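Structural description and commentary
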Amino acid sequence: MNTATITNRVPQIILLYWIIKIASTTLGETGADMFSMTFHIGYGMTLVAFLALFVVFLGIKLFLKRYDPLVYWLVFTTTAIAGTAISDFIDRTMGLGYGPGSAVLLTLLLITLIFWHKNKKTISVEFITSSKDELFYWIAFLIANTLGTAAGDFISDGLGIGFLNSSILIGGLLVIVTLCHYYSKINGVLLFWIAFVFTRPFGAAFGDLLTKPTGNGGLNLGTVDASIFFGLILIVAIAKESKLEKLRKSDRMLWPTG
């Protein structure tokens, strides 16, 4: 038997994953707004800067060929910030609008998932072992985070629901998806992608609720303070995930290749 082992490159999908994911996507909203508007860098430059960081961190992640919590969530957070900047650039700078922008991004996500499924015969994110599959994984995540931002803006601004009501509405949908996961026979992979996409507009709406002026329905806490707050949550949660990963390594099963 070949003693080589197959290494999983991605985290387990547990409660801590969703906590970090929501904190990261909310930081994506507040962080992108901080750079593009508070610091007056603009959507285009913010987009270019964080896409470049995404490529750099993704290169490091692919080189490691394993799951490292810090590197993984650095890549993920750059997709969240870059996704927000891309969405804002499409919807506002290019003038496409929230609804059409969301439709275009949804189409791109479905095309990516179809190609991924054609190559791997699954779009499950729980076990990624090759660079090719990981590229599909991160491209899909980047598009999904961009779509989530556009959808969140469409719900809160385009439909005029407001940031608070949008947060409550999307939060309620996430509760329903969670209940379906535990108490229904709906395909788990489908539920994951629904939850993944909807946690992003939740982060977008919640981030806007915290940072936008009171006259626009926000709490006017500021993008800098909100970004620091969610950055601290990320640091604590990733530290916890790193400790858990060390424990997993101590007793993790090895998968023989032959």
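Coordinates for the structure precede this section.
Residues numbered from 1 in each chain as written. Predicted model: local features only at pLDDT ≥ 70, side-chain atom pairs only at ≥ 80, totals over all residues. Heavy atoms only, no water.

1. What about helix α3 (residues 69-93)?
What counts is decided by this rule: Each helix is a run of DSSP H or I of at least 4 residues and each strand a run of E of at least 2, with the numbering of both proceeding from the N terminus. One fewer than the residue count of a helix, multiplied by 1.5 Å, yields its expected span. Residue burial is assigned from relative accessible area. The probe radius is 1.4 Å, only protein chains are included, and a residue is buried under 20% of its type maximum, exposed over 50%, and partly exposed in between. Contacts described as polar in this section are N or O atom pairs within 3.5 Å, which, within protein, must combine one atom able to donate a hydrogen with one able to accept it, while residues neighboring in sequence count only if both atoms come from side chains.
Over its 25 residues, α3 runs 34 Å from end to end, which matches the ideal 36 Å to within 8%, given 1.5 Å per residue. Most of α3 sits out of view: 20 of its 25 residues are buried. Put simply, Asp68 is the residue that caps the front of α3, since its side-chain oxygen is 3.2 Å from the backbone nitrogen of Leu70. Gly95 occupies a position one or two residues after α3 and carries a positive phi of about 75°.

2. Regarding the layout of surface pockets
The rolling of a water-molecule-sized probe over the atoms marks out the regions of remaining empty space. The condition that has to hold: Here a cavity is any set of points on a 1 Å grid over the protein atoms alone where a 1.4 Å probe fits but cannot get out, and a pocket is any open set with protein on both sides within 12 Å along at least 5 of 7 lines; a residue lines the site when it has an atom within 4 Å of a point. Grid points are joined across faces, edges and corners, and a volume is the space filled by probe spheres set on the points. Nonpolar residues are Ala, Val, Leu, Ile, Met, Phe, Trp, Tyr, Cys and Pro. Charged residues are Asp, Glu, Lys and Arg, and all others, Gly as well, are polar.
Approximately 590 Å³ is the volume found for the largest pocket. Elements with a contribution of two residues or more to the lining of the largest pocket: α1 (15-38), α6 (163-183) and α7 (188-211). In terms of residue count, α6 provides more of the lining of the largest pocket than any other element does, 7 residues in total. A breakdown of the residues in the lining of the largest pocket according to their chemical character gives 16 nonpolar, 6 polar and 1 charged.

3. Quick look at α6
To keep it simple, the criterion reads: By definition, the arc is the one covered by directions from the helix axis to the C-beta atoms. Any two residues having at least one pair of non-hydrogen atoms within 4.5 Å are treated as being in contact.
With 21 residues, α6 should reach 30 Å at 1.5 Å per residue; the first-to-last C-alpha distance of 30 Å fits that figure. Every buried residue of α6 is accounted for by Phe163, Ser166, Ser167, Ile170, Gly171, Leu174 and Val177. An end-on view of α6 places all buried positions within 125° of arc, on one side of the element. Those residues of α6 that are exposed and angled more than 90 degrees off the buried face are Ile168 and Tyr183. Against α5 (131-158) and α7 lie the buried residues of α6.

4. Looking at the environment of Phe63
Mapped onto the elements of the fold, Phe63 is located in helix α2 (residues 43-64). Remark: the alpha-carbon pair of Phe63 and Thr78, spanning 15 residues in sequence, is separated by 18 Å.

5. Examining the packing of aromatic side chains
This is how it is decided: Aromatic rings from Phe, Tyr and Trp, with only the six-membered ring used for Trp, were paired whenever their centres fell within 6.5 Å, and each pair was classed as stacked if the ring planes differed by under 30 degrees, edge-to-face if by over 60, and tilted otherwise.
Under the definition given, this model contains 26 aromatic pairs. Between Trp138 and Phe141 the ring centres are 5.7 Å apart and the planes differ by 80°, which places this aromatic pair in the edge-to-face class. Linking Trp138 with Phe141, this pair stays in helix α5, spanning 3 residues, or about one helical turn. Here Trp138 and Phe141 have matching classes, each one buried.

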